[in-house]
Amino acid sequence: MADLNPIAKRIHQLSPDPVELTLDNGTTAIFHISGAEFFQQEFQAEGVCEDDEADYRFITSTDNGSVLVGRKDGSESEWTMIGRVTEVTRDGS
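The text that follows walks through the structure, step by step, so that each part is easy to find. The shown structure was predicted, so the numbers you read here are calculated from the model rather than taken from an experiment.

**Comments concerning the packing of aromatic side chains**
Scanning the model with the defined rule gives three aromatic pairs in all. Measuring from centroid to centroid gives 5.1 Å for Phe 31 and Tyr 56, while their planes differ by 85°, and the two rings are edge-to-face. Taken together, the positions of Phe 31 in strand β2 (residues 28-39) and Tyr 56 in strand β4 (residues 55-60) put the pair 25 residues apart, joining distant regions of the chain. Comparing Phe 31 with Tyr 56, the two get one shared label, buried. Residue Phe 31 is classed as buried on the basis of its relative accessible area, which comes to 3%. Taken together, the aromatic side chains of Phe 31, Tyr 56 and Phe 58 make up a single cluster linked through ring pairs.

**Looking at the nonpolar core**
Ranked by internal contacts, the top residues of the largest apolar core, which has 21 residues, are Ile 11, Leu 21, Phe 31, Ile 33, Phe 58, Val 85 and Val 88. Looking at this core, the elements with two or more residues in it are α1 (6-14), β1 (19-23), β2, β3 (42-49), β4, β5 (67-72) and β6 (80-90). Apart from residues no more than four positions distant in its own chain, Ile 33 is found in contact with Ile 11, Ser 15, Pro 16, Val 19, Ala 45, Glu 46, Gly 47 and Phe 58.

**So, the side chain of Ser 61**
In this fold, Ser 61 is placed in the loop between β4 and β5. There is a polar contact of 2.6 Å between the side chain of Ser 61 and the side chain of Asp 63. Aside from chain neighbours lying at most four places away, what touches Ser 61 is Ser 66 and Leu 68.

**Remarks on the pairing of β6**
Where β1 meets β6, five bridges bridge the pair, whose relative direction is antiparallel. By the bridge assignment for β6, Glu 20 is matched with Thr 89. Of the pairings in the sheet, the one linking β5 to β6 comprises four bridges and is antiparallel in character. In the sheet register, Val 69 faces β6, and the bridge partner there is Gly 83.

Rules of the game
Each chain carries its own residue numbering, running from 1 in the direction its sequence is written. Where local features are concerned, this predicted model is filtered to residues with pLDDT of at least 70; where side-chain atom pairs are given and counted, the filter is 80 or more; whole-chain, interface and lining totals use all residues. Each side-chain value is worked out from all heavy atoms of the structure, with water and hydrogens disregarded. A pair of aromatic rings is counted whenever rings of Phe, Tyr or Trp (Trp by its six-membered ring) have centres within 6.5 Å, and the orientation is called stacked for planes under 30 degrees apart, edge-to-face for over 60 and tilted otherwise. Numbering of helices and strands runs from the N terminus, with a helix taken as a DSSP run of H or I at least four residues long and a strand as a DSSP run of E at least two residues long. Residue exposure (1.4 Å probe, protein chains only): buried if accessible area is under 20% of the type maximum, exposed if over 50%, otherwise partly exposed. Only buried residues count toward a nonpolar core, which is a set of Ala, Val, Leu, Ile, Met, Phe, Trp, Tyr and Cys residues joined through side-chain atoms within 4.5 Å. Whether two residues touch is decided by their heavy atoms; if any such pair falls within 4.5 Å, the residues are in contact. Polar contact is defined as a pair of N or O atoms within 3.5 Å, subject to the rule that within protein one atom must be able to donate a hydrogen and the other to accept it, and that residues adjacent in sequence are counted only when both atoms are side-chain atoms. By definition, two strands form a pair when at least two bridges between them are found by DSSP.

Any link to function would need more than the numbers given here.
Below, the structure written as structure tokens:
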């Protein structure tokens, strides 16, 4: 079996504690992750961001090379892909 995505693995290890995630557009925010799990190599989780009221979904890309982030607020019916996670750190606040 190939290796698990290191970003997904770190999110999984730190949850359900808050984590600071940096996205490829430079955005950094604190997320509360729930339901983080692997299905063989594929990763999925849900969460909320401390900065807004939207729901977030985290999944590995089809090639397992990235963790993609989707966002949906209460007024939307569809998920919007907002980027990929480039860094995960334990929330120090």
